[in-house]
Each structure stands twice: as C-alpha cells, then as structure tokens.
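# Examination of the molecular architecture
Listed below are the residues making up each chain.
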Amino acid sequence: MSKAKSASSNQTKAKKKKRNDFFFVCKHVKFSWGLIILALVVGCVQSVITSTVPDATANLFDGDFSTSKLWGVAQTLLITLILGLISYIVRVFAESKSTLAARKSVWERMIHAGMDYYDANDPASRLSMITVDAQTMGAGLVQLFVSIPTYAVLLLSCVIQLLTVSPRLLTILWILIPLHILYFFVMGRWQQKVGAQYTCSMGDLTGYLAERIRNLPMIKNFATEEKEDENGIRATGWLYQVMITYNVKVGAVIAVYQTLSTVASTVLAVLWGCHLLKAGEVALTDFLAFSMYITTINVTMVVISTVWTFVKDFSGRATRLAGLLESSVEPHGKQDKGSTQVPDGDLTAEGISFSYPTASAPVLSNVSFTIPQGKVTALVGPSGSGKTTLIKLLERLYAPTEGKITVGGTDISTLNLEAWRKKISYVVQDAGVFSGTLRDALCYSVDRPVSDEELHRVIAEVDLTPFVQSLPKGLDTVLANWGGSLSGGQRQRIVIARAILRDSDIYIFDEPTSALDPETANAISRVILQGFQGKTVLIVSHELNFIAQADHIVVVNLGEMAGAGSHKALMQSCPVYRNLVEEQSYQEVFGA
Ligand code: ADP
C-alpha cells in the first residue's frame, strides 16, 4: 500500500474512532424534533418559574401574610404544577415518538440493507436492535435534548435568583460545581464502557437463545440437552455478570454520589450561611431562600450529572444502530432510478467473476452462459461450484465484480430493482411460510386479488386438494398451528403454488426437491416441469428428473464454466458433466 493511501486509511480510522455513535444515529434518524423542541421550551419555562418558588416562599418568613402575597405564592405554585404536568405529557410523547422513529428507521434500513450487512450480522441480534436499542435511543434523545437543557436552565435561573438575593452566599458554588464536573467525566466514561458491554452481552444472549429455541428438536435429535442446558446457563451467567456491574456497581456509585453531594452541600451551605448571618452580612429571609436554592441547585446538578452519565451509556448502546445505519442499502423507492420497463428475452451471463465481500477468494471466474427465454435450463455442477451464488447474482442480491448479466440484451443492473425482482420467482428447498392462514401463505407477494376459484385450481395443480380438504377451516386454517405438522412435501407444494400465483416470467428453483422422498420429489418435479410451460425456468438440481427433461444444461465446476448444451452433447464433450451423470447413475433414465 502506498504511503499516501495508508495515511488516508489511518485518518479514516481516526475519524471513525472519534465519531460519537449516539450523535451519528441522531443525525440519521428522522426524529420528531418539533415535539422535542416543544418539550424543551415547556421544560425551560417550567424551570424559570420553579426557580422563583424558593424566593417567594422565603419571603413569607418576614411575617407579611397579606392576601396579595399569599395569592402570589399560590399562583407561582399553581403555574409550576400545571407546567410540570404539561411538560411531563409532552416529554412522554417526545420519547415515544422518538422511539417510534428509531424503530421505523431500523426496520426500513434492515429491510433494504445490502446482503453484505446480512452476511456480517447475526440475525437474532437484529431483533434486539428494534426492541431494546431503538427504545434506548428514544429515551436517550429526550434525556440529552430535553432533560439536560431543562435542568441547566433551572440551575442557571437559581444562580441568577441567588445573585439577586446575596452574591456573598453564592461563593459556595465555586466548591460544588468543580466536584460535579469531575464526576461528569469520570462516571460518563465508565458508564459508556459498561453500557457497550451490556448491549453486546444482551445481543449475544438473544442470538444464542434464539438460535437454540428455533432448533430445539435438533437438540433432542442429537441428545445434547444436558450440554445445551449448561451452555444456556453459562450464557445467562455472562449477562448476569454484566448486569451486576451495570446495576450494582454503577448504581451504587451513583447512589453514593447523590447522598454525599446532598449531605456535603447542605452542611457547607448551613456553615457558610450561619457564618454570614452571624456577621450580619445577610438577612434571615435571604439565608432561608439561600438554603432552599442550594438544595435545588444541588439536586439539579446531581440530576444533570446522572442524566449525562446515562447519555454516555446510551452512546455505548447506539454503536450497533450506527453500524446498521451506515451499512450499504439497496436502491429502493424513488431513489431507484433504474428502468421499470424490464425487457423479455434470453438471460445471459457475460464473463462473470465474483468474490463475497466477507471472503477474498473468488467464487466465480469468467463465467458465461445463456438461459434461453421460455425454456427449461438446468444448472448443474458439484457442490460448492457457485450455482447458488450465480442465482444470487441473477437476483441482484450481489453485483458481479466483473462482467454483466443481461436480459434481452439489457444489463440487469440498469433496471429498477423491485421491477426486476418481481419478474422472478425464486423457490428454494426450505422456503419459509410465514404464520397466518393458508390463504395468506399462498397469496404472499401476489399483488392482485385472487379468487377462491383460482386458489383451488392452483391447489389442484400442485396436488394439495386432499390436504386442504382435510383442514378444519380449509383456506382459512391458521398455519401457525399447523406449521409444525406440515410435511416437507406439503410445504414445498404450498411454496410452488405461491410461485404459480405470482405469475412471473422467470422461475428459479434451487434444489427444490432435494430434501424430499423420491415419490414426493417425482411428483413435485412433474408439477414444476408441467406447471411453468412457456416461462423461462432455471433449475439447480442434482435430480435426474429435471436434468433429463431440461432443454438446455449449463455446467459449472469450481467457479468456472465447464460446458453448456444438451445432455447428449455434454456427455461427449464435458468430463465434469459425464462424471456427475455417471456418479449418480443417471444412465438408467437416459438409457445411456
Ligand atoms: P453451490 O450452490 O454450487 O453448492 P455456492 O454458490 O453455495 O455453491 O457456494 C460457492 C462458494 O461460495 C462456497 O465455497 C461457499 O462456501 C461460498 N459462499 C457461499 N455463500 C457465501 C457467503 N455469504 N459468504 C462467503 N462465502 C460464501
């Protein structure tokens, strides 16, 4: 690497290190700043009025209980009370709306994040970003932009009020303020570090448990309950340790600080006030007002420093959100300037090379082939050759590092992403069915009203009629209760029926029958081959049924092109294909 390059990368690293993730998130999420400003203004007005309460109350000690004076004090208290209530309500709304905005942004970014983000981040930890982290951000934002300024205004107003009462009494603040500032810095740093540890541990635990809970039957299959029991207990133990540090150690320091500062400031105030009182430098009402002010000032400083330490803690927790917000996003909505006119025609890969962002080694090198329009093409090759990767490139989940893919001569990277993906239906071996009714599962991603008649016709096409008739509520049976009892074949038929209903132009099947028994696999392969006639169909499969009946076969081996053509031609010209066929006893069907 050149010197200039390494210097600039060092600078970038330094910049990255300096960035405060909390402010980074604040900048990138559309928070309701109007509501936050309203909460701030109401809070500040409340602070200014609250700061007049001690003086007004202390003045009662001069023995003047006239109605106008009492009414003045009552008015001040009443206004403080009303403003307090309004301020509370506005703050609650500001915090809830901020959390909502954070959740919306996180969800939107997650949905549109590029595959590199999904590859690099554990799916389970993403869940706590929406639930816990977003809420933490909402609370943190209000603390920082409403609570701290509001208390700062209260502090300033009290100091100003105290100045008018007696500047001599005020000198005590020069001892108290530096102590609080020292606490700000020391605690802030510590709390930020512990906050980050807590978030990581919580994310790790959520991820660990979510994965195990999803695969509980597998744990039973392997009879590893005892081991998993221990692992789970150990994982919760880590979280316990961090929670102890967080809640006990940090909490204890905060409590000690609050008590000490309150006691110290009260003692100092009494000593200093009595001294000035004895010396005749201040009046009794001033001394009483001073005592009340000093208590309010101290409480305010304690609250500001506590809130500040929490803001530092939130900064620690914002790191994960910042990571998401700066990740790459796919073009979507109005930002996607690609053409929505997707042409028909052959799909062609021209000199495709590709490496995954998380791995340096190339997975595909200079691969070229054609998938003829309206025909069935089989993509074959040994496991790990890059077949699924090629499909991901076709779907534009990743972009080739070299070469291009065209449809009817148009580079697919110039097309509107949503329009392009809608042209394709992608069926994988273990495709999911979201919870909901059978009707919901069948119509998922179908952008048009579908009549019961059409649904039943498609259900018959995929041989699911007896199964649907056996369901208590037919199409309206909730699959969440049935998901566990759906067989692999039933689920795959539902997924294929959904693909038929989508009525796309291009169908991609990735090992659609490899997890099924031979009889079901045969039935499903028949459905695939007959149900999509006239469509462009690409099938990745080792199954003889598909390969034998494909119009065209593309063979890849170790990320490179090994051949393309008909079965007969490939048997003669492509050793990789011949080996595959021979190894899997394809001769029986081909009669070779
Ligand atoms: P096939 O479908 O032919 O079995 P794949 O396309 O799934 O092959 O994988 C080709 C190679 O790419 C394999 O070595 C695999 O480990 C690697 N690979 C697949 N997905 C990723 C990924 N998300 N990140 C890094 N490497 C990957």
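Residues numbered from 1 in each chain as written. Predicted model: local features only at pLDDT ≥ 70, side-chain atom pairs only at ≥ 80, totals over all residues. Heavy atoms only, no water.

## So, the site of the ligand
In the neighbourhood of the ligand, 14 residues make up the surrounding shell, with Gly384, Gly386, Lys387, Thr388 and Thr389 lying closest. Between a nitrogen atom of the ligand and a side-chain N or O atom of Tyr356, the distance comes to 3.4 Å. The backbone of Ser385 places a nitrogen or oxygen atom 3.0 Å from an oxygen atom of the ligand. Within the complex, 63% of the 560 Å² of free accessible area of the ligand lies under protein. When residues of the shell around the ligand are assigned to their parent elements, the largest contribution, four residues, is made by helix H13 (residues 387-394). Grouping the constituent residues of the shell around the ligand by class yields four nonpolar, seven polar and three charged. (Near = heavy atom within 4 Å. Polar contact = N/O pair within 3.5 Å; in protein donor to acceptor, adjacent residues only side chain to side chain. Areas by Shrake-Rupley, 256 points an atom, 1.4 Å probe, with all protein chains shown as cover. Helix = DSSP H or I, 4+ residues; strand = E, 2+ residues; numbered from the N terminus. Nonpolar A, V, L, I, M, F, W, Y, C, P; charged D, E, K, R; others polar.)

## Description of the pattern of salt bridges
Considering all chains together, one arrives at 13 salt bridges under this definition. With its nearest N and O atoms 2.8 Å apart, the salt bridge here joins Lys423 to Asp344. Of this pair, Lys423 sits in the loop between helix H14 (417-422) and strand S6 (424-428) while Asp344 sits in the loop between helix H12 (284-325) and strand S1 (347-354), and the two are 79 residues apart along the sequence. Asp452 is the partner of Arg439 in a salt bridge, and the nearest nitrogen-oxygen pair spans 2.5 Å. Residue Arg439 is located in helix H15 (residues 438-443), and its partner Asp452 is located in helix H16 (residues 452-461); the two are separated by 13 residues in the primary sequence. (Salt bridge = Lys/Arg side-chain N within 4 Å of Asp/Glu carboxyl O.)

## Section: the domain arrangement of the chain
Split into domains, the chain comes out as domain 1 (18-325), domain 2 (338-423 + 504-592) and domain 3 (432-501). Placing a centre on the C-alpha atoms of domain 2 and another on those of domain 3 gives a separation of 27 Å. On the domain 3 side, the residues contacting the 12 residues of domain 2 number 10 residues. For the pair domain 2 and domain 3, the summed buried area comes to about 860 Å², and 67% of that belongs to carbon and sulfur atoms. Ionic pairing is found between Lys422 and Asp447, a salt bridge with its closest N-O pair at 2.9 Å. Linking domain 2 to domain 3 there are three residue pairs in polar contact (both at pLDDT 80 or more). Residue assignment for the side of domain 2 that touches domain 3 shows that the elements contributing at least two residues are strand S7 (506-510) and helix H19 (518-531). The biggest single contributor to the side of domain 2 that touches domain 3 is H19, with six residues. (Domains from an automatic or database assignment. Contact = heavy atoms within 4.5 Å. Buried area = accessible area lost by both parts, 1.4 Å probe.)

## A few points about the packing of aromatic side chains
For any pair of aromatic rings, the description rests on two quantities: the centre-to-centre distance and the angle between the ring planes. Evaluated as defined, the whole model comprises 10 aromatic pairs. With centroids separated by 5.3 Å and ring planes inclined at 80 degrees, the aromatic side chains of Trp33 and Phe145 adopt a geometry described as edge-to-face. Residue Trp33 is found in helix H3 (residues 33-50), and its partner Phe145 is found in helix H7 (residues 123-165); the two are separated by 112 residues along the sequence. With relative accessibility at 32%, the residue Trp33 sits in the partly exposed group. On the basis of an interplanar angle of 50 degrees and a centroid distance of 4.3 Å, the ring pair of Tyr507 and Phe532 is categorised as tilted. Here Tyr507, found in strand S7, pairs with Phe532, found in the loop between H19 and strand S8 (536-540); they are 25 residues apart in sequence, far enough to count as distant. The same class applies to Tyr507 as to Phe532, namely buried. Ring pairs connect the aromatic residues Phe31, Trp33 and Phe145, which therefore count as one cluster. (Phe/Tyr/Trp six-rings, centres within 6.5 Å; stacked < 30°, edge-to-face > 60°. Buried < 20%, exposed > 50% of the residue type's maximum accessible area, 1.4 Å probe, protein only.)

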